[in-house]
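Inside the fold
Below, each chain spelled out in residue letters.
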There are 2 protein chains.
Amino acid sequence: MQKVREIVTNILKEHAVDTVYFVGCGGSLSGFFPAKYFLSCEAKKLKVGYINANEFVHATPKEIGANAVVILASQRGDTAETVKACQAANEKGAATVGLTFQVPSPLADSAQHVILYEFGDDSIVENQKTSYGFKMALELLHQIEGYAGYDAMVKALGSLNEIVVKAKKDIVPFAIKYAWEFKDDSVIYTMGSGPCWGSAHQESICIFMEMQWINSSVIHSGEYFHGPFEITDKNTAFLMMKATGRTRELDDRALNFINKFNNRCMVIDGLDYGMGELGWCSEYLDPLFYNNVIGVFNNLLADARKHPLTVRRYMWKFPY
Amino acid sequence: MQKVREIVTNILKEHAVDTVYFVGCGGSLSGFFPAKYFLSCEAKKLKVGYINANEFVHATPKEIGANAVVILASQRGDTAETVKACQAANEKGAATVGLTFQVPSPLADSAQHVILYEFGDDSIVENQKTSYGFKMALELLHQIEGYAGYDAMVKALGSLNEIVVKAKKDIVPFAIKYAWEFKDDSVIYTMGSGPCWGSAHQESICIFMEMQWINSSVIHSGEYFHGPFEITDKNTAFLMMKATGRTRELDDRALNFINKFNNRCMVIDGLDYGMGELGWCSEYLDPLFYNNVIGVFNNLLADARKHPLTVRRYMWKFPY
């Protein structure tokens with residue numbers, strides 16, 4: 001938190017910040033969803049944006065200027081459109097913060113402030129990309145508007161790693177069951193509500209589509225009854241990451257219906273794995289939990305399908 | 001425009017508006033995407049939100065209060081969670097505007113201001129739900145911040161109907177071709193960028209999933225290379241509604257790639273059907289064009305599949 005606190009303090013010395021934008025591509029955009037959701041819920045004055053980097057480059061919002069902080073992420077720091085977005089934000093006079101796993105890198109060179117995050121099985125949850133995005137949102141809100149829940153949230157962030165490490169062990173039998181249940185499916189829907197929509201979206205695009213070549217789509221639990229539910233039949237594969245916070249009722253409503261017509265819905269519930277210990281903070285930290293714990297299932301699914309998570313058809317092989 | 005102008009004028013007499021929220025479910029949420037996109041791009045001060053009605057009810061953003069306008073839509077005015085969202089916004093002191101095709105209705109009874117929109121094949125484009133959402137955004141921006149493009153946009157809105165009517169005739173042969181091309185597909189991806197993402201999302205959830213029971217997902221053109229493109233093979237069915245504005249380069253980049261590995265991508269391009277006449281305004285009005293013109297294809301697809309657009313498995317048949 002100290003690093004984030006210093007960056008925000010320094011930014012606020014030079015910028016009268018009223019706008020916070022999260023910018024990236026793929027998993028480096030969806031990783032910002034918890035931060036975006038938190039600010040959309042909790043901020044009273046701050047404006048928040050969440051946008052694909054190339055769209056940001058080509059249709060830069062007019063509110064981007066000296067009063068904006070633009071926070072960007074790229075794993076290797078070399079995603080061309082994210083680097084361009086950073087340069088565009090710099091040119092508009094905004095403060096820029098680059099989150100990356102690689103320094104030096106073009107993003108680290110372009111961003112005014114750089115956060116090197118941890119990545120991989122042994123990384124501490126609080127030091128991962130998604131957590132740093134969230135901590136930037138928390139710190140900006142607290143320093144700009146004041147946030148009564150700040151201390152509780154900082155404490156909860158510190159408790160998260162222990163919950164995740166234990167959950168990754170406890171979930172193994174359940175994950176094995178569904179890895180084998182879903183291994184031959186050609187379509188898998190992911191579901192979520194509140195900030196968990198971001199985790200469900202990320203699982204859909206980064207794991208099922210990108211790493212397993214399985215057709216997939218995310219369905220917001222609150223949107224399920226307004227179109228998407230008509231694709232439900234007894235064989236449809238669903239994966240829900242259940243909200244532990246205020247939107248849990250949306251998930252339960254969808255599940256009550258799905259369970260009448262289908263019994264192939266894999267539901268992961270943070271409350272079964274200790275997220276309840278975090279009290280009201282759990283709602284906002286759910287994605288930091290799910291993004292890690294789902295990895296156990298992803299590895300088992302890849303094994304069951306004999307399709308390693310590292311195989312690509314196009315990425316790194318063709319220009320685009 | 002007169003009706004919208006009066007509503008906004010009246011709201012601003014009583015509210016110091018700094019926040020605009022668009023709230024709905026399914027097609028009544030996605031119909032607001034052009035309005036949301038427009039304000040996200042053009043507003044310098046106004047905050048904008050776009051949220052599922054039930055999420056709004058359960059996790060009402062803290063910025064909802066006397067300085068907010070909450071704009072909600074429901075076709076029959078009876079979507080339970082949208083009516084509840086309107087009541088929640090009223091209780092917080094926000095101004096509420098209900099868009100509906102049915103008056104009287106619970107939404108029309110709850111909203112402080114009501115707009116009765118036109119719907120169906122013979123409706124005037126400017127008087128449809130999506131257009132009224134957009135006009136609310138335009139008028140709010142203009143009256144609150146001043147908007148230099150206001151007159152041009154009002155004029156463009158007035159020209160749109162003629163373009164759409166002609167396009168719906170001109171597109172028939174192309175639509176027939178793809179209705180037969182796609183009739184046996186079990187998965188169809190939709191694609192778009194900028195405001196066209198909203199039209200592509202709507203086609204995915206309301207037509208393919210809801211009305212045709214075809215698995216579907218929307219892919220933002222700028223996100224395509226960051227995960228989703230790995231599902232591309234020579235047989236994957238894609239439907240792109242091509243942006244005529246600043247994000248067109250994102251679509252072209254995706255298409256250049258898709259066309260190397262796949263020849264089953266149906267691309268509708270507004271520039272082939274007169275949208276160029278609208279100059280810079282076309283970017284923002286693209287969805288009002290596509291939402292109408294795609295209906296020609298939808299009807300032909302339903303015919304080719306012998307699956308009427310009105311058939312439902314669950315809606316109106318089971319409680320949920």
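Residues numbered from 1 in each chain as written. Chains lettered and ligands numbered in written order. Predicted model: local features only at pLDDT ≥ 70, side-chain atom pairs only at ≥ 80, totals over all residues. Heavy atoms only, no water.

By the naming in an unreviewed UniProt entry, chain A goes by SIS domain-containing protein and is assigned to Candidatus Enterocloster excrementipullorum.

Bringing the overall build of chain A into the picture now. Across its full length, chain A holds 12 helices and 9 strands. For chain A, whose C-alpha radius of gyration is 19 Å, the value lies close to the compact-globule estimate of 20 Å for 320 residues. Based on the C-alpha atoms only, the size of chain A along its principal axes is roughly 55 × 50 × 40 Å. Sequence separation of 24 or more characterises 75% of the internal contacts of chain A that already satisfy a separation of 6 or more. Carbon and sulfur atoms make up 51% of the accessible area of chain A, which amounts to about 11500 Å² in all. When the 31 positive and 36 negative side-chain charges of chain A are each reduced to one mean point, those points stand 2 Å apart. (Helix = DSSP H or I, 4+ residues; strand = E, 2+ residues; numbered from the N terminus. Rg over C-alpha atoms; globule rule 2.2 N^0.38 Å. Contact = heavy atoms within 4.5 Å. Areas by Shrake-Rupley, 256 points an atom, 1.4 Å probe, with all protein chains shown as cover. Lys, Arg positive; Asp, Glu negative; His and termini not counted. Charge placed at Lys NZ, Arg CZ, Asp CG, Glu CD.)

Turning our attention to the side chain of B:Ser110. Structurally, the position occupied by B:Ser110 is in helix α6 (residues 106-110). When sequence neighbours within four positions are dropped, the list of residues in contact with B:Ser110 reads B:Val83, B:Cys86, B:Gln87, B:Asn90 and B:Thr96.

A word on the relation of the copies chain A and chain B. Each of the two chain copies can be brought onto the other by rotation about an axis and movement along it. When chain A is fitted to chain B, the best match, at an RMSD of 0.0 Å, comes from turning it 180° and sliding it 0.0 Å along the axis. Overall, the copies show the geometry of a two-fold rotation axis. Minimal C-alpha distance to the rotation axis in chain A is attained by A:Ser217, lying at 2.5 Å. Of the interface residues in chain A, 100% have counterparts in chain B that sit at the interface too, so the contact is made through matching surfaces. (Least-squares fit on C-alpha atoms with pLDDT ≥ 70 in both.)

The next subject is the interface of chain A and chain B. Listed per partner, the contact involves 66 residues of chain A and 68 residues of chain B. Summed over both sides, the interface of chain A with chain B buries roughly 5700 Å², with 52% coming from carbon and sulfur. A per-residue breakdown of the area chain A buries against chain B is headed by A:Glu230, A:Tyr314 and A:Tyr320, which together make up 13% of the total. Our count for the contact surface shared by chain A and chain B stands at 4 salt bridges. (Buried area = accessible area lost by both parts, 1.4 Å probe. Salt bridge = Lys/Arg side-chain N within 4 Å of Asp/Glu carboxyl O.)

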